[in-house]
Amino acid sequence: MPTDFSLQALSILRDGSQFQWYVIPLLSFVFYVYVSEMEKKNYALILAGLAFWGMDWFNEIMNSVIFSITNYAPLWCAPGDTAYLILIGLNIEIMFMFSVAGIIWTKMLLPNKDDKILGIPNRWFVAVAGSIFSVLVEFLLNSVDALTWDYAFWDMGTPWLIILFGYLTFFIAAFWVYDMADMKKRIITVSAIWGFDLVLFLVFGFGLGRL
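Residues numbered from 1 in each chain as written. Predicted model: local features only at pLDDT ≥ 70, side-chain atom pairs only at ≥ 80, totals over all residues. Heavy atoms only, no water.

Draft legend 1. Inspection of a nonpolar patch on the surface at higher detail. A surface patch of nonpolar side chains, amounting to about 510 Å² of accessible area, comprises Ile120, Trp124, Val128, Ile132, Leu136 and Ile172. Broken down by element, the nonpolar patch gets its largest block of residues, four residues, from helix H5 (residues 122-143). Position of leucine 136 relative to the elements: it lies in helix H5. On the basis of relative accessible area, leucine 136 is assigned to the partly exposed category, the value being 47%. (Patch = residues over 30% accessible without salt bridge, like charges linked within 9 Å, V, L, I, M, F, W, Y side chains within 5 Å. Areas by Shrake-Rupley, 256 points an atom, 1.4 Å probe, with all protein chains shown as cover. Salt bridge = Lys/Arg side-chain N within 4 Å of Asp/Glu carboxyl O. Helix = DSSP H or I, 4+ residues; strand = E, 2+ residues; numbered from the N terminus. Buried < 20%, exposed > 50% of the residue type's maximum accessible area, 1.4 Å probe, protein only.)

Here it is in structure tokens:
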């Protein structure tokens, strides 16, 4: 039996009547970020951002699959107000945020990947700090039931699981792509991430109807 939060989210899942016009300026903001970096020829940064975003889509798809299999709850649920709920734990506002988050965090890296911050390699420092910050934001969202948790192993009492599997992999993938010396490798890697997401979406969404 689905939890109350899951039922609440299901009641608005992919419901077009929830649309709000603020989606349009959000979309414009995302376009502006990417076009600005393209104008500067920061292609490594753009691909890092896409890697980050692609990793989030993997998590969101599997989160929906978890709910479909258990018929109880996803690891995280987004039952609050939204202009459009794409998946049970992903609304359009969250999607737009993750579409630019990788670019924003990658901009915080030091030019030399060997330089350290507080004795820690700067890539790892930013990745861990960014993951912790993101979980703190989730705590705030959870406090107003905008982002909910129903499992005891995925909540405020076990933040390390959310840090490790909810965010750190995003940062690792983005920074790994950014530091690649060869543009071809970057493109292949990002294409593989998104290609895998597409396969999952086709299999679990259209094939098995679990999204």
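Draft legend 2. Spotlight on the packing of aromatic side chains. Within the structure shown, the criterion is met by 17 aromatic pairs. For the ring pair phenylalanine 58 and phenylalanine 196, a centre distance of 6.0 Å and an interplane angle of 25° mean the geometry is stacked. In this pair, phenylalanine 58 sits in helix H3 (residues 43-70) while phenylalanine 196 sits in helix H7 (residues 183-207), placing the two residues 138 residues apart along the sequence. Taking relative accessible area as the criterion, phenylalanine 196 reaches 46% and is therefore assigned partly exposed. Members of the aromatic cluster, joined through ring pairs, are Phe52, Phe98, Trp105, Phe133, Tyr167, Phe170, Phe171 and Phe175. (Phe/Tyr/Trp six-rings, centres within 6.5 Å; stacked < 30°, edge-to-face > 60°.)

Draft legend 3. Region of interest: the pattern of salt bridges. One pass over the structure, following the stated rule, counts two salt bridges. For lysine 107, the salt bridge goes to glutamate 37, with nearest N and O atoms at 3.1 Å. Within this pair, whereas lysine 107 is found in the loop between helix H4 (92-106) and strand E3 (116-117), its partner glutamate 37 is found in helix H2 (residues 23-39), the two being separated by 70 residues in sequence. For arginine 123, the salt bridge is made with aspartate 179, and the minimal N-O distance between the two is 2.8 Å. With arginine 123 in helix H5 and aspartate 179 in helix H6 (residues 159-179), the pair connects residues that are 56 residues apart, well separated along the chain. Judged by relative accessible area, arginine 123 falls into the buried class, the value being 10%. The partly exposed category is assigned to aspartate 179, whose relative accessible area is 26%.

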